Amino acid sequence: MGEMINIAICDDSEISLKQLEKVLDAKKEKWNLTWDIYTSAENLFESEKQKKHEYDLFILDIIMSGMNGVELADVISVEDKKAFFMFVTDYEKFALPVLNDDLNLVGYIMKPITEEAMEKALVKYDMKRVQKNTSFRFGFKRNLHQVLCEDIIYIERKARYIKIVTDTDTYKTYMDLNEAWEQLDRRYFASPHASYIANLRKVVTIRGKEILLKNGETINLTRTYREDFRNSYLEYL
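Worth saying up front: this structure is predicted, and the values here are computed from it rather than measured.

Caption draft 1: Structural context of the sheet that holds strand β1 (residues 5-10). The strand order across the open sheet formed by five strands is β2-β1-β3-β4-β5, and the pairing between neighbours is parallel. At either end of the open sheet lies a strand with only one pairing partner, and these are β2 (33-38) and β5 (105-110). On average, adjacent strands in this sheet sit at an angle of 20° to one another, irrespective of strand direction. Bridging between strand β4 (residues 84-89) and β5 involves five bridges; their strand directions are parallel. Residue Met-86 lies in a different strand from β5, and its bridge partner there is Gly-107. Docked against the sheet, helix α1 (residues 14-31) engages β1, β2 and β3 (57-61), running at close to 160° with respect to β2.

What follows is the structure in structure tokens.
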């Protein structure tokens, strides 16, 4: 059993809440879960403002009367950068809303929620939680430097060094891609090209023979790597 996962559940449907609690009860001991229930986004938001509890994971219905789940996640994430979010919904057409890029998204679950779907979501939460706190270490300007793996957009191999492009900076270090891979989790990184490693979290879309990244840059998706990269991206999603 790992460390406790504190969950806030917000749904305005009594039937859905009972169903969700039943599923979580089945997973409670394995995952060391504890949770509080809120029947409106406004009540949960008020609790967050007063800092009554500290939650690791928010399970939010997308469609609720008043403030919806996506709006609630946006305002919570401004104050709580460590929190993760999982969305549930009855409506398939609302399964992929436009979200804040900085949101720590676990994923979406369609109602009715099954134990299998919840297990997959909790596994994904655990992987993302670990990834968020993992650092990539390298020499830079004669000093040992480190950046969070989740902040890396891509790594590019040059003649005798690699270029590390992050959300805020670009670094050069004498290292090859094989050495870089030793510090990266292949569940979150993949190669679209022999000279690149891309962070799957930073991929906006795959379009034809290239990938579009969140910083606006594109990388060629070569034939040799195309199928494996697509599979890795779909698995990540």
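Caption draft 2: Molecular detail of the packing of helix α2 (residues 41-49) against helix α3 (residues 69-79). One way to put it is that α2 packs onto α3 with a least axis distance of 10 Å and a crossing angle of 5°. Considering their axes alone, α2 and α3 lie roughly parallel with respect to each other. Contacts between α2 and α3 involve Ala-41, Leu-44, Phe-45 and Glu-48 on the former and, on the latter, Leu-72, Val-75 and Ile-76. Taken together, the residues of the contact of α2 with α3 sort by class into six nonpolar, no polar and one charged.

Caption draft 3: Representation of the packing of α1 against helix α4 (residues 115-132). Relative orientation of the contacting elements α1 and α4 amounts to 50°, with a least axis distance of 10 Å. The pairing of α1 with α4 is recorded here as oblique in orientation. In terms of crossing hand, the pair formed by α1 and α4 is right-handed. Taking contact as the criterion, the partners of Leu-20, Val-23, Leu-24, Ala-26, Lys-27, Lys-30 and Trp-31 in α1 are, on α4, Glu-115, Met-118, Glu-119, Leu-122, Val-123 and Asp-126. Taken together, the residues that form the contact of α1 with α4 break down as eight nonpolar, no polar and five charged.

Caption draft 4: Region of the structure containing the sheet that holds strand β13 (residues 203-207). Pairing in this open sheet of three strands is antiparallel, and the strands run β13-β14-β15 from one edge to the other. Pairing within the sheet leaves two strands with one partner each, and these edge strands are β13 and β15 (218-220). Ignoring strand direction, the axes of neighbouring strands in this sheet form an average angle of 20°. Pairing analysis gives three bridges linking strand β14 (residues 210-213) to β15, with the strands arranged antiparallel. Each residue of the ladder has a partner; that of Glu-210, found in β15, is Asn-220. Against the sheet, helix α6 (residues 223-236) makes contact with β13 and β14, and its axis sits at roughly 140° relative to β13, the strand it touches most.

Rules of the game
- Residues numbered from 1 in each chain as written.
- Predicted model: local features only at pLDDT ≥ 70, side-chain atom pairs only at ≥ 80, totals over all residues.
- Heavy atoms only, no water.
- Pairing = 2+ DSSP bridges.
- Helix = DSSP H or I, 4+ residues; strand = E, 2+ residues; numbered from the N terminus.
- Axes fitted to C-alpha atoms, helices over the stretch in contact; angles between N-to-C directions.
- Contact = heavy atoms within 4.5 Å.
- Parallel < 35°, antiparallel > 145°, perpendicular 65-115°, else oblique.
- Nonpolar A, V, L, I, M, F, W, Y, C, P; charged D, E, K, R; others polar.
- Left-handed = near helix turned anticlockwise from the far one by under 90°.

Treat this as a map of the structure, not an account of what it does.
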